[in-house]
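Listed here are the chains, written in short residue letters.
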Amino acid sequence: MENVNKIVEQYIERIYAYVKKRVANEADVEDITQEIALNLYRALCVKEVDNVEGFVWVVVKNTLTNFYRGNAKTRYNISIEDGNIDFADGKESALETLIYQENCQRIQEEIAYLSKIQRKVLILYYYEEKKQSEIAQILDIPLGTVKWHLNVAKAEVKKGMEKMRNRGELKFNPITFAQVGFSGGVGTVGYPINFVRSALSQNILYCIQTEALTVEKIADLLNVSPVFVESELAYLEEYQLVIRQGKQYFCNILIEETTEEGIKATDRMYRTVTGKIANTLFDEMVQRGYLHSDDIIGPKDDNFRMWSLMFYLLATSENGILKKISFQEAATIRADGGENIIIASVEDETIEKPALWNEYFCGPCWNENKEVIIWLIDGEWTERRVTEHYGGTKIEPELRILKRFADGKQLSVEEYTLMLEKGYIRKNGEDFELAIVALKDGETKEKLLSLASQIKNEVLKEHEKLLEEYRNEVLGSDRLPKHLRVQREFLNQHLFGADGIFMRYIKDALVDSGRLKALSEEQKKSVSQILILK
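Criteria and thresholds
- Here the residue numbers are simple positions, counted from 1 along each chain's written sequence.
- The predicted origin of the model limits local features to residues at a pLDDT of at least 70 and limits the giving and counting of side-chain atom pairs to 80 or more, whereas totals for whole chains, interfaces and linings rest on all residues.
- The basis for every side-chain value is the complete set of non-hydrogen atoms in the structure, without hydrogens or water.
- Partly exposed describes any residue whose relative accessible area lies between the buried limit of under 20% and the exposed limit of over 50%, with all areas from a 1.4 Å probe on protein chains only and scaled to the type maximum.
- Under the DSSP-based scheme used, a helix requires at least four consecutive residues in state H or I and a strand at least two consecutive residues in state E, with every element numbered from the N terminus.
- The rule for pairing is simple: two strands pair if DSSP sees at least two bridges between them.
- What counts as a ring pair is set by centres within 6.5 Å for rings of Phe, Tyr and Trp (its six-membered ring), and what kind of pair is set by the plane angle: stacked under 30 degrees, edge-to-face over 60, tilted for all other angles.
- A ring is scored as having a charge over it whenever the NZ atom of a lysine or the CZ atom of an arginine sits within 6 Å of its centre and within 35 degrees of its normal.
- Every residue pair with non-hydrogen atoms within 4.5 Å of one another is taken to be in contact.
- Note on geometry: axes are lines fitted to C-alpha atoms, helical ones only across the stretch in contact, with angles between N-to-C directions running from 0 to 180 degrees.
- An angle below 35 degrees is treated as roughly parallel, one above 145 as roughly antiparallel, one from 65 to 115 as roughly perpendicular, and anything else as oblique.
- Take the far helix as the reference: if the near one is turned anticlockwise from it by less than a right angle, the crossing is left-handed, and if turned clockwise, right-handed.
- In these notes, a set of buried Ala, Val, Leu, Ile, Met, Phe, Trp, Tyr and Cys residues joined through side-chain atoms within 4.5 Å is what counts as a nonpolar core.
- Basic side-chain nitrogens of Lys or Arg form a salt bridge, by our definition, when they fall within 4 Å of a carboxyl oxygen of Asp or Glu.

Student: Help me out: how do you make sense of the pairing of strand β10 (residues 372-379) in this one?
Tutor: The side chains of a regular strand alternate, residue by residue, between the two faces of the sheet. Most of β10 sits out of view: eight of its eight residues are buried. With six bridges connecting them, strand β9 (residues 361-368) and β10 associate as antiparallel partners. Bridge pairing in β10 links Cys-362 to Asp-378. Adjacent in sequence and paired antiparallel, β9 and β10 are bridged by three residues. For β10 and strand β14 (residues 529-533), the ladder comprises five bridges, and the chain directions are antiparallel. From the neighbouring strand, Trp-375 faces β14, where its bridge partner is Ile-530.

Student: I would appreciate a short explanation of the packing of aromatic side chains in the present structure.
Tutor: This model, assessed by the stated rule, comprises 14 aromatic pairs. Relative to Trp-375, the ring of Tyr-312 lies with its centre 5.5 Å away and its plane at 80 degrees, an arrangement referred to as edge-to-face. With Tyr-312 in helix α13 (residues 302-316) and Trp-375 in strand β10, the pair connects residues that are 63 residues apart, well separated along the chain. Accessibility expressed as a relative area gives 7% for Tyr-312, which makes it buried. Judged by relative accessible area, which is 3%, Trp-375 ranks as buried. Feature note: the residues Tyr-270, Phe-496, Phe-502 and Tyr-505 constitute an aromatic cluster, connected by ring pairs. In this structure, Arg-384 packs its charged tip against the face of Tyr-360, placed 3.7 Å from the ring centre. Taking the ring centre of Phe-432 as reference, the NZ or CZ of Lys-427 above it sits at 5.2 Å.

Student: Explain the sheet that holds β10 here, please?
Tutor: Strand pairing in a sheet relies on backbone hydrogen bonds. The paired strands run either parallel or antiparallel. Here we have five strands laid out as an open sheet, ordered β6-β13-β14-β10-β9, and mixed in their pairing. Looking at strand neighbours, the two that pair on one side only are β6 (296-297) and β9, the edges of this open sheet. Across two bridges, β6 lies against strand β13 (residues 437-440) in antiparallel orientation. Residue Ile-297 lies in a different strand from β13, and its bridge partner there is Ala-438. Against the sheet, helix α15 (residues 396-406) engages β9, β10 and β14, with an angle of about 110 degrees to β10. Contacts between helix α20 (residues 500-512) and the sheet are confined to β9 and β10, with β9 contributing the most and set at about 110 degrees to the helix.

Student: How should I be thinking about the packing of helix α9 (residues 199-207) against helix α10 (residues 215-222) in this particular structure?
Tutor: Think of two packed helices as two axes; the pair is described by the angle between the axes and how far apart they sit. Relative orientation of the contacting elements α9 and α10 amounts to 110 degrees, with a least axis distance of 10 Å. Considering their axes alone, α9 and α10 lie roughly perpendicular with respect to each other. Classified by chirality, the crossing of α10 by α9 is right-handed. Contacts between α9 and α10 involve Leu-200, Asn-203, Ile-204 and Cys-207 on the former and, on the latter, Ile-218, Leu-221 and Leu-222.

Student: Would you mind going over the nonpolar core with me for this structure?
Tutor: Inside soluble globular proteins, nonpolar side chains tend to come together where they are buried. In terms of nonpolar packing, the biggest core is built from 53 residues, with Met-285, Met-310, Leu-314 and Phe-496 touching the most fellow members. Mapped onto this core, the elements with two or more residues apiece are α12 (260-288), α13, β10, β13, α17 (443-462), α18 (464-473), α20 and β14. Considering every element that reaches this core, the biggest residue donor is α13, with ten residues. Filtering out sequence-adjacent residues up to four positions away, Met-310 remains in contact with Ala-278, Leu-281, Phe-282, Met-285 and Leu-510.

Student: Mind showing me how you'd approach the sheet that holds strand β2 (residues 213-214) here?
Tutor: Taken in spatial order, the three strands of this open sheet run β2-β4-β3, and their pairing is antiparallel. The open sheet has two free edges, formed respectively by β2 and β3 (242-245), since each of these has just one partner strand. Where β2 meets strand β4 (residues 248-251), two bridges bridge the pair, whose relative direction is antiparallel. Across the sheet, the residue bridging to Thr-214 is Gln-248, located in β4.

Student: Explain the pattern of salt bridges here, please?
Tutor: Between side chains of opposite charge, a pair can form when the charged atoms approach closely. This structure, assessed with the given rule, holds 24 salt bridges. When the shortest N-O distance is used, the salt bridge between Arg-14 and Glu-53 registers 3.0 Å. Placement of the pair is Arg-14 in helix α1 (residues 2-22) and Glu-53 in helix α3 (residues 52-71), with a sequence separation of 39 residues. For the salt bridge of Asp-441 with Lys-445, the shortest nitrogen-to-oxygen distance reads 2.7 Å. The exposure class of Lys-445 is buried, given its relative accessible area of 11%. Each member of the salt-bridge network shares a partner with another, and the members are Asp-267, Arg-271, Glu-359, Lys-507 and Asp-508.

Student: Teacher, can you tell me more about α10 here?
Tutor: A turn of α-helix holds 3.6 residues, and therefore any two residues three or four places apart point the same way. Here α10 lies mainly inside the structure; six of its eight residues are buried. Taken together, the buried positions of α10 are occupied by Val-215, Ile-218, Ala-219, Asp-220, Leu-221 and Leu-222. Downstream of α10 by one or two residues, Asn-223 has phi in the positive range, about 60 degrees.

Student: Would you mind showing me how to read unusual backbone geometry here?
Tutor: For residues besides glycine, phi is generally negative; the peptide bonds are generally trans as well. The backbone of Asn-223 sits at a positive phi, close to 60 degrees, despite the residue not being glycine. When you line up the elements, Asn-223 lands in the loop between α10 and α11 (226-238). You can call Asn-223 partly exposed: its relative accessible area is 36%. Here Ser-528, not a glycine, exhibits a phi torsion of approximately 60 degrees, which is positive.

Shown next, in the form of structure tokens:
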């Protein structure tokens with residue numbers, strides 16, 4: 001009994017939010033929520049439920065459906081229990097009054113999929129209340145044919161109602177990508193969000209994320225004209241966001257859906273593992289005096305150096321997770337020249353997420369030539385330096401200038417101005433100095449990476465079971481088509497490496513423990529990036 005009360009209390013706020021979106025009257029919202037809670041309580045008291053989450057939402061939707069039925073001012077008695085549909089004559093109101101009622105909307109949509117003659121027969125009989133003999137005269141067909149078409153039409157509507165056209169809810173409640181990220185490089189079109197700006201393209205991809213479908217089937221699921229779907233698919237196919245095989249289309253991006261259990265599991269694992277890794281590495285670096293090595297140049301501010309070094313070392317050091325799949329095997333080369341793996345997320349706004357998940361974050365990113373690498377991440381503690389136009393050929397001149405500056409060469413006025421604007425250097429009296437941390441290739445760098453790798457692997461080994469459960473349950477790839485499975489497994493290999501979530505939790509762990517201190521406004525342009533001198 002106590003367990004049942006806890007389950008009801010756990011879901012009541014989400015149930016209320018769900019009902020409020022679908023019922024306009026506040027009094028009805030409260031009444032329905034109470035009725036759902038009562039139905040849940042009664043059901044859970046008498047039966048054992050394996051999948052509580054699924055059972056709760058079945059009860060919610062069934063209770064809402066009963067509410068719609070009881071309040072629909074319709075001319076027809078609509079029954080969908082056990083797959084039965086019955087149209088019974090009534091006199092209360094005209095067709096126009098039905099359009100706001102969910103079940104009647106569904107029937108109208110199913111009628112739209114009938115043949116022209118079947119639609120005419122059904123509308124004349126039910127909506128215009130014509131007798132079958134009158135319909136025969138109006139359409140100039142035999143009475144027996146009218147009866148046959150009427151029976152077939154009812155059967156087709158019933159069939160459509162039974163299957164709800166699979167993801168039929170997308171017609172009324174389309175998904176929206178909360179975020180669209182990527183691993184790899186972009187092309188001339190820019191960030192992957194530019195490929196999927198429309199609701200139609202996002203919902204098409206969502207429909208075909210686990211199974212291949214035809215244009216007609218996708219149009220059917222979304223209740224959109226096949227002409228529009230075909231046009232959108234042609235664009236998505238051009239840029240390899242979908243793959244066509246015969247008449248069917250596969251999604252070629254990863255789509256992640258948030259669940260309450262998944263968020264809790266992710267937060268628990270990262271908080272547990274990252275805190276120990278980051279804090280241990282920080283303390284070891286301080287104890288061994290690495291921060292004051294001659295191989296580390298730039299601002300002589302230990303706090304500032306740690307804001308840059310910690311992220312770089314933990315992102316680039318080996319993490320003990322075997323790398324069996326190369327980026328080239330997993331990534332897609334797109335028509336605009338980009339080569340990447342695209343990851344979109346669909347979120348449930350009723351689920352509470354950890355605060356740091358809502359913070360701005362981008363990274364890790366890096367650019368290099370034969371002599372230097374410039375590596376950075378962007379977060380709430382930095383200025384937003386990574387934009388759609390960051391990197392590529394545009395940053396090549398900056399790399400050359402940085403190398404010359406690090407070598408003590410004189411720069412032109414224009415070059416000094418560019419370096420100042422970018423936050424790479426700063427004025428010091430009459431002279432200029434590096435405003436970012438630089439790390440020379442050599443013994444110190446190798447020792448730092450080795451230490452980071454050692455600590456990371458020891459902690460991961462200690463939490464091996466927790467990590468395996470997380471990878472299987474939250475990041476499982478067995479339900480995905482083969483080409484997406486490769487992409488998912490490639491990303492899984494880089495957990496606790498160049499892993500955006502890992503980077504965020506590093507910041508949280510070090511700030512919460514007091515190891516990293518707040519930065520000045522001036523430092524935000526330069527922090528959390530590092531120049532590697534080869």
